[in-house]
Amino acid sequence: MKITICIGSSCHLKGSRQIVEELQRLVAENDLKDQVELAGKFCMGNCQNGVCVTLDEENFSLKPEDTKSFFENEVLKRLK
Amino acid sequence: MLLFDTYVQKLKYKVLKEVAIHAYNDTLRDCYLDIPKVISPGPESELRCCIYKERAIAAERVKLAMGGDKNNDNIVEVIGIACDECPVSGYKVGPDCRGCLAHRCSSACPRDAITFDEKHHAHINPDKCVNCGKCASQCPYSAIQNHVRPCERACKVKAISQGENHVAQIDDSKCIQCGACVYQCPFGAVQDKSFLLDAIQMIRESDDNKKYKVYAVVAPSIASQFRYAKLGQVITALRRLGFFNVVEAALGADMVAYQEAKELSEKGFLTSSCCPAFVTYIEKAFPKLKPLISHNLSPMAEVSKFIKATDPDAKIVFIGPCTAKKHEVQLPSVKPYVDCALTFEELQAWIDSRELDLPALEEDVLDNASFFGRIFARSGGLSDSVKQALAEQKNEDFILNPIACDGIEQCRLALLKKEKNVLKENFIEGMACVGGCIGGAGCLTHGDKDKSEVDKYGKEAYEKNITDALAQCSYHMDK
């Protein structure tokens, strides 16, 4: 599974770094490094709705405080 | 507000703009010979002896705007017919000589080259004079002056001399392509090649970033540029020109500072590797010190490498204050990461060729780097950042003792001391331009407030320290 976080200027100002850090922490904490790959991208073309995050091909719009529930409800749920 | 410091820059800009307009209209191949007539409409000549010479020089500028002489590897070229063959007379006694009685000038002269006429006025015998300057330093009226060609005075690596027919010539074995002569020649007879056409083509062929995405990497010295508009408006202009996204080179500077701190504490001594002209200078003038150059890529190359890790098909255009960067992007170690380098001068011409009115545009945002990455644009910033990186790495064993050199003369002295093992500092921050990158030859303007503008821009960064700025790319750096 690949999670891509937008780190373009607009998303960066909305807290993409905090999301990256939180996801890294959650992935490590749950020992999922082999299953979940984190990646960055400069701009996903949807700046108004940042922070833009894609989970495989699906788009999400996240705030830093949503990261944990995103991880539990979307990431963990999809893991097989 | 003045767009440029000099009319020479404006001339270059006018040519670049015309070339860009024709490129977009797909008329360049048919019309490039007409551009000189647009630049110098005549019928009277305004700048040279006749309109034909004026246009012939403009034609040479067109060639340089279109990439210049492909057989000449040097980014900097002399436009022979534009060189005014400035007189070179060395030390001369001027009208301020009062015919005093002390004759300190002649006492100071080691070659007995000074004679006096019946009014006690001094005269220098050019056959005996060795241009040591001792007479000039002694004259209480400052009546003796050294007449040096502006290009030669600007060139601190002594790569420019008088060639055939008194036309300036560049010694490529010494030239570091810093562009000082380009900025200083009062006749615009030395000019940097432009790769603006490559950038325009790259964007047009991307089919609106559908085939591949084109990113602009912008140097932090932009903080002191385009002062008639807001930085956010320049970012909007770059998006309008067709760039998919704009990224701060300063993020690469954060990466460099972090890695430089580690390499430095391991090795105990380093010179910086950010400034391509400084690196070339070491290679050419102090080859023995080459192993001491930091192994890091420059901030430009480092951030471009990262962008290409996130998007392998990306194409990258660097935009900054530097002519030497145009050479750096051709190096085998950098070529895979950066596809083209432009100056702020060229960006101004590009923006105006598309009739984008900067002050009228909405503001976009640019924020990728920390305060420390951003202050790389001015002298001393790199040293401050390495110090900060050592602190963030909690490295208390290594005591940083940096020497920040701006301008080749300062760099030369520090390198000379290092070569003779008498340098007490353990880190040489070398920037070829005076003031650092904000003094670059490709800047639109140079002013006293540039440094404070950079610091202000640094303070506006969302990230306050290097570790936080790098956290967004940490998954990449782990690999």
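Everything numeric in this text was worked out from a predicted model, so none of it was measured. (Residues numbered from 1 in each chain as written. Chains lettered and ligands numbered in written order. Predicted model: local features only at pLDDT ≥ 70, side-chain atom pairs only at ≥ 80, totals over all residues. Heavy atoms only, no water.)

### Some words on the interface of chain B and chain A
So, step 1. Residue-level contacts link 23 residues of chain B with 19 residues of chain A.
So, step 2. Of the roughly 1,900 Å² buried between chain B and chain A on both sides combined, carbon and sulfur atoms contribute 55%.
So, step 3. When the shortest N-O distance is used, the salt bridge between Arg-17 of chain A and Glu-463 of chain B registers 2.5 Å.
So, step 4. Among the secondary structure elements, those contributing two or more residues to the side of chain B that touches chain A are strand E10 (245-248), helix H13 (299-310), helix H20 (466-471) and helix H21 (474-478) of chain B.
So, step 5. Among the residues forming the side of chain B that touches chain A, the class breakdown is 12 nonpolar, 5 polar and 6 charged. (Contact = heavy atoms within 4.5 Å. Buried area = accessible area lost by both parts, 1.4 Å probe. Salt bridge = Lys/Arg side-chain N within 4 Å of Asp/Glu carboxyl O. Helix = DSSP H or I, 4+ residues; strand = E, 2+ residues; numbered from the N terminus. Nonpolar A, V, L, I, M, F, W, Y, C, P; charged D, E, K, R; others polar.)

### Some remarks on the sheet that holds strand E3 (residues 52-55) of chain A
All names here are of chain A.
So, step 1. Judged by pairing direction, the sheet is mixed, and its 4 strands sit side by side in the order E2-E1-E3-E4 without closing on themselves. For this open sheet the edge positions go to strand E2 (37-41) and strand E4 (58-61), each flanked by a neighbour on one side alone. Ignoring which end each strand starts from, the neighbouring axes of this sheet average 25° apart.
So, step 2. Of the pairings in the sheet, the one linking E3 to E4 comprises 4 bridges and is antiparallel in character. Of the residues in E4, the one forming a bridge with Thr-54 is Asn-59. (Pairing = 2+ DSSP bridges. Axes fitted to C-alpha atoms, helices over the stretch in contact; angles between N-to-C directions.)

### Some remarks on helix H10 (residues 231-241) of chain B
So, step 1. Summarising burial for H10 of chain B: 8 of the 11 residues are buried, a large majority.
So, step 2. Immediately downstream of H10 of chain B, the backbone of Gly-242 of chain B shows phi near 115°, a positive value. (Buried < 20%, exposed > 50% of the residue type's maximum accessible area, 1.4 Å probe, protein only.)

### A few points about the sheet that holds strand E13 (residues 340-343) of chain B
Residue and element names in this part refer to chain B.
So, step 1. Strand order in the open sheet made by the 4 strands is E10-E9-E12-E13, with parallel pairing throughout. Edge strands, defined here as strands with exactly one partner in the open sheet, are E10 and E13. Neighbouring strand axes in the sheet, compared pairwise and without regard to direction, differ in orientation by 25° on average.
So, step 2. Note: strand E9 (residues 214-218) against strand E12 (residues 315-320), 5 bridges, orientation parallel. Counterpart to Val-214 in the pairing with E12 is Lys-315.
So, step 3. Each of E9, E10 and E12 touches H13; the most contacted strand, E12, lies at about 155° to it.

### Focus: the confidence of the model for chain B
So, step 1. The pLDDT averaged across chain B works out to 95; a share of 99% of its residues lies at or above 70.
So, step 2. Of the two predicted TM-score estimates for the complex, the pTM is 0.93 and the ipTM is 0.94. (pLDDT = per-residue confidence, 0-100.)

### Overview of the environment of Arg-378 of chain B
Residue and element names in this part refer to chain B.
So, step 1. On the secondary structure map, Arg-378 appears in the loop between helix H16 (371-374) and helix H17 (381-392).
So, step 2. Since its relative accessible area comes to 9%, Arg-378 is described here as buried.
So, step 3. Expressed as a C-alpha distance, the spacing of Arg-378 and Ser-107, which sit 271 residues apart in the sequence, is 44 Å.
So, step 4. With sequence-adjacent residues up to four places away left out, Arg-378 is seen in contact with Asp-384, Glu-429, Gly-435, Gly-436, Ile-438, Lys-451, Val-454 and Asp-455.
So, step 5. A distance of 2.8 Å separates a polar atom in the side chain of Arg-378 from a polar atom in the side chain of Asp-455. (Polar contact = N/O pair within 3.5 Å; in protein donor to acceptor, adjacent residues only side chain to side chain.)

### What to know about H17 of chain B
Residue and element names in this part refer to chain B.
So, step 1. Its 12 residues place the ends of H17 16 Å apart at the C-alpha level, agreeing with the 16 Å of an ideal helix rising 1.5 Å per residue.
So, step 2. Three or more residues of H17 are buried, namely Gly-381, Leu-382, Ser-383, Ser-385, Val-386, Ala-389, Leu-390 and Glu-392.
So, step 3. Where H17 is buried, its residues touch helix H11 (249-267), H16, strand E14 (402-406), strand E15 (427-431) and H20. (Expected span 1.5 Å × (residues − 1).)

### Describing empty space enclosed by the protein
All names here are of chain B.
So, step 1. As enumerated under the stated definition, the model contains 5 cavities of 30 Å³ or more in all.
So, step 2. Here the largest cavity is characterised by a volume of approximately 320 Å³.
So, step 3. Along the wall of the largest cavity there are 25 residues; nearest its centre are Cys-274, Cys-275, Pro-321, Lys-325 and Cys-437.
So, step 4. Of all the elements in the fold, those that place two or more residues in the lining of the largest cavity are H11, helix H12 (276-285) and H13.
So, step 5. For the lining of the largest cavity, the per-class residue count stands at 20 nonpolar, 4 polar and 1 charged.
So, step 6. By volume, the second largest cavity amounts to about 130 Å³.
So, step 7. Lining the second largest cavity are 16 residues, with Cys-97, Cys-100, Cys-105, Ala-122 and Cys-139 positioned closest to its centre.
So, step 8. For the lining of the second largest cavity, the per-class residue count stands at 11 nonpolar, 3 polar and 2 charged. (1 Å grid on protein atoms, 1.4 Å probe; cavity = no way out; pocket = protein on both sides within 12 Å on 5 of 7 lines; lining within 4 Å. Points joined across faces, edges and corners; volume = space filled by probe spheres on them.)

### A closer look at the packing of H12 of chain B against helix H18 (residues 408-419) of chain B
Residue and element names in this part refer to chain B.
So, step 1. The interhelical angle for the contact between H12 and H18, taken along N-to-C directions, is 45°, at an axis separation of 11 Å. Comparing the axis directions of H12 and H18 gives the class oblique. When the axes of H12 and H18 are compared, the crossing they make is right-handed. Contact with H12, carried on its side by Phe-278, Tyr-281 and Ile-282, involves Ile-408, Cys-411, Arg-412 and Leu-415 of H18 and no other residues of that element.
So, step 2. Among the residues making up the contact of H12 with H18, the classes are represented as 6 nonpolar, no polar and 1 charged. (Parallel < 35°, antiparallel > 145°, perpendicular 65-115°, else oblique. Left-handed = near helix turned anticlockwise from the far one by under 90°.)

### Thoughts on the packing of aromatic side chains
Any two aromatic rings considered together are summarised by their centre-to-centre distance and by the angle between their planes.
So, step 1. The final tally for this structure, using the stated rule, is 8 aromatic pairs over all chains.
So, step 2. Ring centres of Phe-42 of chain A and Phe-306 of chain B lie 5.7 Å apart, and the angle between their planes is 85°; on these two criteria the pair is classed as edge-to-face. Residue Phe-42 of chain A is found in the loop between E2 and E3, and its partner Phe-306 of chain B is found in helix H13; the two belong to separate chains. Both residues of the pair, Phe-42 of chain A and Phe-306 of chain B, belong to the buried class. (Phe/Tyr/Trp six-rings, centres within 6.5 Å; stacked < 30°, edge-to-face > 60°.)

### Some points on the domain arrangement of chain B
Residues and elements named next belong to chain B.
So, step 1. Once the domains are mapped, chain B shows domain 1 (1-66), domain 2 (72-78 + 149-193), domain 3 (90-147) and domain 4 (196-471).
So, step 2. Centre-to-centre separation of domain 1 and domain 2, based on C-alpha positions: 21 Å.
So, step 3. Of the residues lining the interface, 7 residues belong to domain 1; the matching set on domain 2 comes to 10 residues.
So, step 4. Viewed at the interface, domain 2 and domain 1 are joined by 1 salt bridge.
So, step 5. Elements with a minimum of two residues in the side of domain 1 that touches domain 2: helix H1 (7-24) and helix H4 (51-65). (Domains from an automatic or database assignment.)

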